Amino acid sequence: MSESSDFVTLTAGNTSLVLNCAVGARPCILYWGEKLVQSDPALLLRMTSRQHAPGSADAEVESSLLNETGAGVSGSPGFSAHRNGTAWASFFRVTEVRQSDTNRVEIVCEDKTTKVRATHLIGVDPGSSVMTCQTEIENIGTDGLAIDWCASGNLPLDPRAKHLFGFTGRWSGEFQLEEVAPFLGSYVRENKSGRTSHDKFPGLVLGAAETNEQAGPCFAFHLGWSGNSRVRVDRLSDGRAFVQMGEYFFPGELSLAPGETYRTPCLFAGFASRGFSALSRKFHHHLKHTIMDDRIQRKPRPIHYNTWEAVYFDHASDKLFKLAEKAAEVGAERYILDDGWFGARRNDKAGLGDWWPSEDVYPEGLGPLIKHVTSLGMEFGLWFEPEMVNPDSELFRKHPDWILQAEGVEQVPFRGQYVLDLTRPEVSEYLFVHLHKLLSDHDISYVKWDMNRDVHHPGSRGRPAISRQTRALYALIDRVRTAHPDLEIESCSSGGGRADYGILQRTDRIWTSDSNDALDRQSIQRGASHFFPLEIMGAHVGPETCHITGRRLKMEMRVATALFGHMGMELNLLSESQDNLNILKAGIALHKQHRALIHGGDYYRLDTPGHVNAVGVVAPDQSEALVSWCNVTGHNETLPGRIYVPGLDRSKSYRTKIAWPKKVRSVSRPSVLEALSLNEEGTVLPGEALEHVGLQVPLLHPETCLIYHFEAI
Ligand code: GLA
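Quick caveat: nothing in here was measured; it's all calculated off a predicted structure.

Calculation rules
- Counting of residues starts from 1 at the beginning of each chain's written sequence and follows it residue by residue.
- Local features in a predicted model are, by the rule used here, given only for residues with pLDDT of at least 70; side-chain atom pairs are given and counted only at 80 or more, and totals for whole chains, interfaces and linings are based on all residues.
- Hydrogen atoms and water are omitted, and side-chain values are computed over all heavy atoms in the structure.
- Helix and strand definitions follow DSSP, with helices as H or I runs of at least four residues and strands as E runs of at least two, each counted in order from the N terminus.
- We call a residue buried when its accessible area falls under 20% of the maximum for its residue type, exposed when it is over 50%, and partly exposed in between, using a 1.4 Å probe and counting protein chains only.
- Every residue pair with non-hydrogen atoms within 4.5 Å of one another is taken to be in contact.
- Contacts described as polar in this section are N or O atom pairs within 3.5 Å, which, within protein, must combine one atom able to donate a hydrogen with one able to accept it, while residues neighboring in sequence count only if both atoms come from side chains.
- When we say a residue is near a molecule or strand, we mean one of its heavy atoms is within 4 Å of it.
- Here the Shrake-Rupley method, with its probe set to 1.4 Å, supplies the accessible areas, and only the displayed protein chains count as covering residues.
- The domain boundaries here were taken from an automatic or database domain assignment.
- A 1.4 Å probe defines the accessible area here, and the buried area is the portion of it lost by two parts on being joined, summed over both.
- Salt-bridge detection follows one rule: a side-chain nitrogen of Lys or Arg within 4 Å of a carboxyl oxygen of Asp or Glu.

Engineer: Mind showing me how you'd approach the environment of Glu174 here?
Structural biologist: Mapped onto the secondary structure, Glu174 falls in strand β11 (residues 173-180). Assessed through its relative accessible area of 0%, Glu174 is described here as buried. As a C-alpha pair, Glu174 and Trp355 span 181 residues in sequence and 29 Å in three-dimensional space. Beyond its immediate stretch of four places on either side in the chain, Glu174 contacts Thr168, His198, Ser494, Gly495, Gly496, Thr512, Ser513, Asp514 and Ile524. Of note is the side chain of Glu174, whose polar atom sits 3.0 Å from the backbone nitrogen of Gly496. A polar contact is formed between the side chain of Glu174 and the side chain of Ser513, at a distance of 2.7 Å.

Set out below in structure tokens:
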């Protein structure tokens, strides 16, 4: 341990985390934020000392890393458990502190009365400065311990972080940020959908009143977990505020036998003193370099062609073959055969669970199509929804008891399918065997792993089991990955319903949303970017008329939106006009040209008026940048404003051009397009002027997206 034995300071990057964890006392976070180099923790303790306030306890009840029930803190406890209604008031004191290096510590606490051990596993990542926090609970008593709630940690919130943004959304409209006005009391989101959810993504972003994308202090929290969750922020009337995140348990779901342990999912926390975009970059770095497997870093992310919106369940083979040819022609590098290829899956009412090629549509199996795709120079990917079964399937007819259910309760109907009970070893074994066979028999390098319903009654053999189900899912994916080390997996759940750092530890990208409507995607992708980098966000060029919103958008707009992500397409290329195919092909070529920058650059969201969404990527060495400026709805003023480009080197000048669309026309001429030859060779502009003076945007129709390229000279 560093300093005096009462304190531990973890330092990484520009961050310091100071913990007060004297043996015999209650552990708490004394400070978390900008790196401190000469501040003695004992002095910090004195600087932040509080006092008795009339009308309250004689001495203020101190907070701790769990604010467990027995502590008596007036806010919501972070740990709540009992033994048949007794031993309910746990009160943890530190018994041991283990610190192997300067950025990780394990703080062991015990309550001798209720016989519970709580170990806090805390780290600050040296690369990203993101803090990780987990709690492990051990039942050191002689009878069963029922745990109602255990937060991954109870983290004190910086008093400046008054402005809270939570995540709302819905199917085809994920990752919508919602600002919550400053409050006293509690902000609580409970996700009981059995997946990360479309509407309650377990993430929070907080800032001070003055914080914007490029300046001001801010904080963000995310629970890396794909099952049920609870997110809460409690602001006490004494001025203190805490963030807790953890698994949401159904009644009786978690019970530990003597000697058993439970470990919470990991809570990721980050802070930045220079704006929300800087904070996102820390999370992106953490996800890419600490959480995700590096298999995806080994080669550029291939352009996808996905068959779903082109064929739905119509798997006529000649169409699929022709689509492959057209896809290769416009630049696709991977072809993904979506839903509809297996069992009796001629519509969405049958077949889930029967993971073998449908004899009706693939009499010779998948081999000929896969061969055709790979001979065109593309990789082949295949859609699965392993956790599900349709009542109309061979699997269900044989094993009707293999599903999650609650005794005496009807299933809530949801896309005509039930959820398999993965906690039963024979179920997970069945799924592994079938996936393994297909992946071994064919040249399949990619799996789109889908999950298309909420889980309302996650009962297994009489007890709620979504916590165990989520762990069993992780174990199944891990087993598939181990057996097929080069396989890449996409996490899809009716779009972005299962996107989190838990699933991304074992998958390679998310299907951000089922909405391929480029206007919807502008806000969905912007919201998701708070925690997810562009390269893992599946972004497809959809059909001219979006099948979900009915909106018609030009190909240029659709391309511009998909270009800022892991690009792909999902439209019927056989019915597109040659003009549109040419535009698409040019857009794909542009993505490939700048792919290393888009997927490897530093990401920025820009502060803009409400009708605009602007985001950008800047090369780590500031040698070039791409900025996407989308006029989403049109503006109130006669002319649009200027674009202020962040992240450039102020001492350098940049050749500035419009990279997309290939030829932009302003509504009236001449405009800045002509003044700076932005459609042609561009003009060299000082980085400092691009950042501080700004660049006038030409007058454009709504639903237009420009991509600017800046290249240092
Ligand atoms: C989900 C996915 C879609 C598609 C369909 C197929 O909705 O999100 O992309 O794969 O299932 O049924």
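Engineer: Even after reading the chapter, I still don't get the site of the ligand, so can you show me in this structure?
Structural biologist: Among the 13 residues in the neighbourhood of the ligand, the closest are listed as Asp338, Asp339, Arg415, Lys448 and Asp514. The contact in question runs from an oxygen atom of the ligand to an N or O atom on the side chain of Trp383, over 3.0 Å. Separating an oxygen atom of the ligand from a side-chain N or O atom of Lys448 is a distance of 2.7 Å. The protein chains hide 96% of the 310 Å² of surface that the ligand would expose on its own.

Engineer: Can you help me understand the domain arrangement of the protein in this one?
Structural biologist: When the parts of a complex come together, some accessible area is lost, and that lost area is often used as the size of the interface. With domains assigned, the protein is organised as domain 1 (7-291), domain 2 (295-511) and domain 3 (605-712). Taking only C-alpha atoms, the centre of domain 1 and the centre of domain 2 are 35 Å apart. Overall, the association of domain 1 and domain 2 removes approximately 2,400 Å² of surface from exposure, summing both partners, and the carbon and sulfur fraction of that is 54%. Among the salt bridges present, the one from Arg195 reaches Asp454, with a minimum N-O distance of 2.9 Å. Taken together, the connections running from domain 1 to domain 2 amount to 23 residue pairs in polar contact (both at pLDDT 80 or more). Where the side of domain 1 that touches domain 2 is concerned, the elements lending two or more residues are β11, β14 (218-224), β18 (261-263) and α2 (276-291).

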